[in-house]
Structure formats: C-alpha cells, structure tokens
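Understanding the architecture of this molecule
Here is what each chain is made of, one letter per residue.
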Amino acid sequence: MTASSGRQPDATSRRRFLAAAGAAAAVPAAAALIGGPLAGNARAAAAAGDLPDYAPIPPGALGPALNADGYFAGNIHGNLYWVTDSVYQAMFLSTRNGVVLVDAPPTIGHNLLRAIGAVTQANGRPAKVTHLVYSHSHADHIGASALLGADVVRIGHSECRRLLLREADPNRPAPTVTFDDHYVLETGGERLLLDYHGPNHTPDNIFIYAPDHQTLMVVDVIFPGWVPFKNLAVSQDIPGWIRAQDIAMGYRWQTLVGGHLGRLGRRADGNLQIAYVADLLAGARATIASLDPTPFFARYGNNSWAIFKAYLDAAAAQVAAPVTAKYLGRLAAADVFTADNAYVMFESLRVDYGTLGPFGNHP
Ligand SMILES: [Zn+2]
C-alpha cells in the first residue's frame, strides 16, 4: 500500500489547516474535520465574540512541531515509533515481518501510512501492516482501520469485538483475534503484551505493553501535561477509570503513549494526574458533607430535577474552584474541563461510591 493511495479530496486542505493551526487548535480542528454547519457555527460564534477565553497552554504540555503533511512521527526506542497530529496518537512496531500498528485515528488517517513508509524506507524493513491492535472500540481512535485493508490481522478484546459487531461500522471492522485477559503478540523479533484489567474508559479498553522498550500505551486514561478530557474522559466506569491510572503506573515503563495530544508521557505525568483526580475526589467528599441543600429545596419545591440540577451544579463549582486554581499552569486546560470533571466525580461519589449526601437520607 503506497503512502498516496486513496487520498481523499479534502485531505490536502485538512492537512494544511492542521499544519497552520498547529497544536493550539483542537476545537477548530474538530470543526474543520466535521466541516459544514459546525465549522460555520464556530465561525459565527467567534465573529460574535461570545467564545470564552482560556489560560495559555503551558509550553511543556505541547509536543513537537508537525510536518507539512500535518503529523509528527518519532522513534520511542529500538523499533518502536509513535505518530501524532497533536490531538491524537498511534504507535507502531517495525518488525522483520512487517508493521504492528496500534490504533488508527481517522484524524491521522493516511498520515499513518506516510509515517510508516518513511520509517521503513529508512530501516529497510517491510512497510506492510500485518497486525492492527485496537486499544478500544471508539471511532475516534480506530476509525481509519479500514484504510489498512482486509488482510491485516485485527486484534482486540472480546468485548471490543462484541461492540463493533453491534455497531457494524465499515470503517471499524471487528477484530478477528480476540482475548479475555492476556494476549502475547510476537512477530518478526518483536513483542507486545496486551492486558485486560476490567472496564474503565470503556468496557473493552486494554493496556498495550512493550516490555523491551519500557513503553506502555493505554488510551483515554492518562493525559500527559493536560487535565483529562471532559467528564473524566467521558468514561463509562469512573471507579474503574480511576483504578486504571494506578494499574498503568504499576507497569514498568519510561514512556507512555496516552492516545491524545501532542507529546509522550513520563512517569511524573501519571503521578500529577493521579494527584489531580484525588483532589477532585477529596473535594467531592468535602462538598457533599458541607453544601447545604436547604436553599435548593426551598427554591424549587416540587421540581425535583431543578433541585438536583442546581444542587449538583453548585457542588461541581465548589469542588472545581480550588482544584482549578491549584493546577492552572501545571496541567493544560485546567480552566477548560475541571468543572465538568468535578461534576462527574461528584456524581460518581454519590452513585458509585454510595455517598449520597442530602439525597440519600432514609425516611
Ligand atoms: Zn475513547
């Protein structure tokens, strides 16, 4: 498969846009990728001047500059490489038999093949992708899977297969090689260990470990340099997701591929996020013990949902304020997503951890 095969008509303008926008443009980039109405709305809102301002991104949160095609490909160690468009990341092993690719984010798309082509041209190894590992079933991380063709061996968790068979998305063929707990992928002198530790961000999210390269890839769990994406990475199992941070740190690694944003992770990034999340949970516990629900009941009477909404919004704001102040400048976008993260943590404290507060009193 050549690097130029199947280039789509909009790919050049997309790459130009991404290259021009650089790392600072996650939201405009998303709008451009979707195109049409959303991009129009974003322009309209910007023109109207009603988009909020946020603090500058700490330089240490940003990754390397992108090339003219809109991506960066770098060596991690030995034959292990990573690719980013500054918003998404993939990883690949160049083996004697071909390439083992982990994830195929559609925003990187054909640039995955360009990056693989450049690396294998330099090292003389085969460019053909023989295996594609799915970190999890989400389209934003594997939606370019179909670009790799029909004969690549797709590997994922058994729950990933179940979900993808249900979705029947032609862009995301279901993995044909699946596992429940552990899988060892050995080919061409290289190996990856795939581990399942239970539901976290999704029910099927796995840990991809390259022990010979001291590298762990786990997606949508740790966000090096940045606060987690909105609502604690839109995770389906919050206690499982919080535990997944610790499970990740339990592996021996020096490099983390988090699947998002523009740079690789170091162990300090994991520890810093764990501290941020622990502060959110501690803040939620303190808030549920201290926030007086009386004014909310008095104001909204028989409108139960209004009571809940106003109380939970106030709780999230109370949790978020000191955490935002503490991490602004240390974690990028602390002022962007901490209120949303606090809201989800507070609700998880109630329904997952069972600390129901004023809405859990036995009559
Ligand atoms: Zn995801």
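Described below are features of the structure shown in this document. (Residues numbered from 1 in each chain as written. Predicted model: local features only at pLDDT ≥ 70, side-chain atom pairs only at ≥ 80, totals over all residues. Heavy atoms only, no water.)

**Notes on the coordination of the zinc ion**
- All of the protein donors around the zinc ion are His136 (NE2), His138 (ND1), His201 (NE2) and Asp220 (OD); their distances to the metal are 2.1 to 2.3 Å.
- Geometry at the zinc ion is irregular, judged from its 4 donor atoms and the angles of 83 to 171° they form at the metal.
- Each donor residue of the zinc ion belongs to the same chain, with the gaps between them written as H-x1-H-x62-H-x18-D. You can see His138 sitting in the loop between β5 (129-133) and α5 (139-142) and its partner His201 sitting in the loop between β9 (190-195) and β10 (207-210), a full 63 residues away along the chain.
- We classify His201 as buried; its relative accessible area is 3%. (Donors = N, O, S within 2.8 Å, 3.2 Å for Na, K, Ca; no water. Tetrahedral: all angles 85-135°; square planar, octahedral: opposite > 155°, others 65-115°. Helix = DSSP H or I, 4+ residues; strand = E, 2+ residues; numbered from the N terminus. Buried < 20%, exposed > 50% of the residue type's maximum accessible area, 1.4 Å probe, protein only.)

**Structural notes on the packing of helix α11 (residues 304-327) against helix α12 (residues 334-351)**
- Interaxial distance between α11 and α12 falls to 7 Å at its minimum, and their mutual angle equals 125°. Considering their axes alone, α11 and α12 lie oblique with respect to each other. You can see that α11 and α12 cross each other, and the crossing is right-handed. Counted together, Phe308, Tyr311, Leu312, Asp313, Ala315, Ala316, Val319, Ala320, Val323, Thr324 and Tyr327 of α11 and Ala334, Asp335, Thr338, Ala339, Ala342, Tyr343, Phe346, Glu347 and Arg350 of α12 form the full contact between these two elements.
- When grouped by side-chain class, the residues that make up the contact of α11 with α12 number 14 nonpolar, 2 polar and 4 charged. (Axes fitted to C-alpha atoms, helices over the stretch in contact; angles between N-to-C directions. Parallel < 35°, antiparallel > 145°, perpendicular 65-115°, else oblique. Left-handed = near helix turned anticlockwise from the far one by under 90°. Contact = heavy atoms within 4.5 Å. Nonpolar A, V, L, I, M, F, W, Y, C, P; charged D, E, K, R; others polar.)

**Digging into helix α6 (residues 158-167)**
- Taken together, the buried positions of α6 are Glu159, Cys160, Leu163 and Leu164. The buried residues of α6 occupy an angular sector of 130° when the element is viewed end-on, so they sit on one face.
- Elements that come into contact with the buried residues of α6 comprise α5 and β6 (153-157).
- Following α6 by one or two positions, Ala168 has its phi on the positive side, about 50°. (Arc of directions from axis to C-beta.)

**A short note on the pattern of salt bridges**
- With the rule as written, the count across this model stands at 10 salt bridges.
- Its salt-bridge partner being Lys309, residue Asp313 comes within 2.8 Å of it at the nearest N-O pair. Note that Asp313 and Lys309 are positioned in helix α11 at a spacing of 4 residues, about one turn of the helix.
- The partner of Arg350 in a salt bridge is Glu347, and the shortest N-O contact between them spans 2.8 Å. In this pair, Arg350 and Glu347 both sit in helix α12, 3 residues apart, roughly one turn of the helix.
- With relative accessibility at 23%, the residue Glu347 sits in the partly exposed group. (Salt bridge = Lys/Arg side-chain N within 4 Å of Asp/Glu carboxyl O.)

**So, the side chain of Thr187**
- Its place among the elements puts Thr187 in strand β8 (residues 182-187).
- We classify Thr187 as buried; its relative accessible area is 11%.
- When sequence neighbours within four positions are dropped, the list of residues in contact with Thr187 reads Thr95, Asn97, Val100 and His131.

**Focus on unusual backbone geometry**
- Of note in this structure, Asp220 is not a glycine but carries a positive phi near 65°.
- Relative to the helices and strands, Asp220 is located in the loop between β11 (215-217) and α7 (230-234).
- Asp220 gets classed as buried once you look at its relative accessible area, which sits at 4%.
- In this structure, Ala333 is a non-glycine residue whose phi angle is positive, near 65°.
- Mapped onto the elements, Ala333 comes out in the loop between α11 and α12.

**With respect to the sheet that holds β6**
- Strand order in the open sheet made by the 7 strands is β1-β2-β3-β4-β5-β6-β7, with mixed pairing throughout. Looking along the sheet, the strands with just one partner apiece sit at the ends: β1 (72-77) and β7 (177-179). When the angles between neighbouring strand axes are averaged without regard to direction, this sheet yields 20°.
- Pairing between strand β4 (residues 99-102) and β5: 4 bridges, direction parallel. Directly across from Val102, in β5, lies its bridge partner Val133.
- Across the sheet, helix α4 (residues 110-123) lies against β1, β2 (80-84), β3 (89-94), β4 and β5, angled at about 30° from β3, the strand it touches most. (Pairing = 2+ DSSP bridges.)

**With respect to the sheet that holds β11**
- Strand order in this open sheet of 5 strands is β8-β9-β10-β11-β12, and the pairing throughout is mixed. Of all strands in the sheet, those with a lone pairing partner are β8 and β12 (255-257), marking the two edges. Averaged over all pairs of adjacent strands, the angle between strand axes in this sheet comes to 20°, irrespective of strand direction.
- Sheet topology note: the β11/β12 ladder contains 3 bridges and is parallel. Opposite Thr215, over in β12, you have Thr255 as the bridge partner.

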